[in-house]
Amino acid sequence: MYRIENHPKDSIDVILNEIFNYMEQHPLNRKSAKLLSVRKELRRTLKKYEEEYKENGEDLQQITNDNYKLSTIHGISNTHMKELYKDFFDSDSRFRQNLYNLTPNRCPICDANWGYAVRTLDHILPESIFPQFSILPLNLVPTCYRCNHSKSTTVGYLPNEGVINPFFNNINLTNYLKCYIYIQNNDFTTHIHLKPESDLHINHNRYQRLKFFYEKVYKMDETYSEVTRTSILNSLLVSLSKVGPMSQSQTKRFFSSLLEGMRREEIIKDGIVTTEYLKLLLLDSLIEVYDSNYHSLIQEMISEKLIIKRQAENF
Ligand SMILES: [Zn+2]
């Protein structure tokens, strides 16, 4: 996860100008008329909320108590606010594009490259509960579909939960993760979990918040565990099958030599959860647990790979 370097270029004022201009051109629409009748109050109120959002950006939980849960703003309903978001932040909207431009390469939450991941806009404070933030660019973070979908309308009201917004917060996840590999039903299972609390020098509340963010809100443990099993471990098996038969101790040495060839400190300092980083975690865990059971299963999997390869060649 990383902090997005720049804040959105469009303020709530700019968004409202566009909305009101449009409404003035279509004054006969019933909803336009309603909105135009309260334009001054609405602008004042939404600007006030934008200021509060900025002031509390690093700890948005401060503005999630019941006083902030609104159903209307100057008579404009929650649903109407949602419609404004849909209309003015649709896929062709320059407001949406301006936000996308702030994260040109990767999802700020899970670090997935846009090449693989579908980009969406996520309301950090959900529009269904906090309509005053439904068209506020600071509340609209470009994240991948998977992160957006996992989070859904989760907020984090409790002291050990918290709200994370990449326009304000940063968590260097590469400091905190560990891979656990084990054998289950004659197959490998990999889990990318947070390191145990006792291994990390952070206070209890901070650890709880980290866990909430990582496991409950974005379910990143599931994403990273799956990538590690299906992609990283598989490519490791492919490399092993190319090397040829090796004993248990030779295989373990092979893992160590791969690990030595990696730039551990830099990968961790970069703070990006890349496939390189996950490979590093996987190798660490493999070396730690590698015994005859692991070795025979790996041998079995390699020979399967070789059979499939031969069949493909003969076909
Ligand atoms: Zn993501």
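In short, a report on the structure.

Taken as a whole, helix H4 (residues 78–88) has its buried residues at Met81, Leu84 and Tyr85. For H4, the angular spread of buried residues about the axis comes to 100°, placing them on one side. Summarising the geometry of H4, the exposed residues directed more than 90 degrees from the buried face are Thr79 and Asp87. Where H4 is buried, its residues meet helix H1 (12–25) and strand E2 (76–77).

Our focus in this paragraph is the pairing of strand E4 (residues 140–144). Burial of E4 is extensive: 5 of the 5 residues sit out of reach of the surface. The alternating pattern of E4 places Leu140, Pro142 and Cys144 and Val141 and Thr143 on opposite faces, both of which are buried. Pairing geometry for strand E3 (residues 119–123) and E4, over 5 bridges, is antiparallel. Each residue of the ladder has a partner; that of leucine 121, found in E4, is proline 142.

Let us look at helix H3 (residues 39–55). Between the first and last C-alpha of H3 there are 24 Å, a value that for 17 residues agrees with the 24 Å anticipated at 1.5 Å per step. Elements that come into contact with the buried residues of H3 comprise H1, strand E1 (72–73) and E2.

Across the interface, H1 lies against H3 with an axial gap of 10 Å and an inter-helix angle of 155°. If you check the angle between H1 and H3, you find them roughly antiparallel. In this structure, H1 crosses over H3, and the sense of that crossing is right-handed. Facing H1, whose interface residues are Ile12, Asp13, Leu16 and Phe20, H3 presents Arg39, Arg43, Leu46, Lys47 and Glu50.

It is worth spelling out the nonpolar core at this point. Among the nonpolar cores identified, the biggest contains 56 residues, and Cys110, Tyr218, Leu278, Leu281 and Leu282 are the most heavily contacted of them. Top element by residues in this core is helix H11 (residues 275–289). It accounts for 7 residues. If we skip the residues at most four places from it in the chain, leucine 281 touches Leu177, Lys178, Cys179 and Ile192.

Cut-offs applied
Along every chain, residues carry numbers that run from 1 in the direction the sequence is written. With pLDDT at 70 or above as the cut-off, local features in this predicted model cover only qualifying residues; side-chain atom pairs require 80 or more to be listed or tallied, and sums for whole chains, interfaces and linings still use all residues. Residues with at least 20 other C-beta atoms within 10 Å of their own are called buried, those with 12 or fewer are called exposed, and the rest are partly exposed. The C-beta atoms themselves are positioned from the backbone. A run of H or I in DSSP becomes a helix once it reaches four residues, and a run of E becomes a strand once it reaches two; helices and strands are each numbered from the N terminus. This arc corresponds to the set of directions leading from the helix axis out to the C-beta atoms. By the criterion used throughout, residues are in contact when their C-beta atoms, derived from the backbone, lie within 7 Å. Should DSSP find at least two bridges between two strands, the strands are regarded as paired. Here, expected helix span is obtained from the residue count minus one, scaled by 1.5 Å. Simply put, an axis is a line fit to the C-alpha atoms, just over the touching stretch for a helix, and the angle between two N-to-C directions goes from 0 to 180 degrees. Roughly parallel here means an angle under 35 degrees, roughly antiparallel means over 145, roughly perpendicular means 65 to 115, and every remaining angle is called oblique. Left-handed describes a crossing in which the near helix is turned anticlockwise from the far one by less than a right angle; the clockwise case is right-handed. Working definition: the nonpolar core is a set of buried Ala, Val, Leu, Ile, Met, Phe, Trp, Tyr and Cys residues, joined through C-beta atoms within 7 Å.

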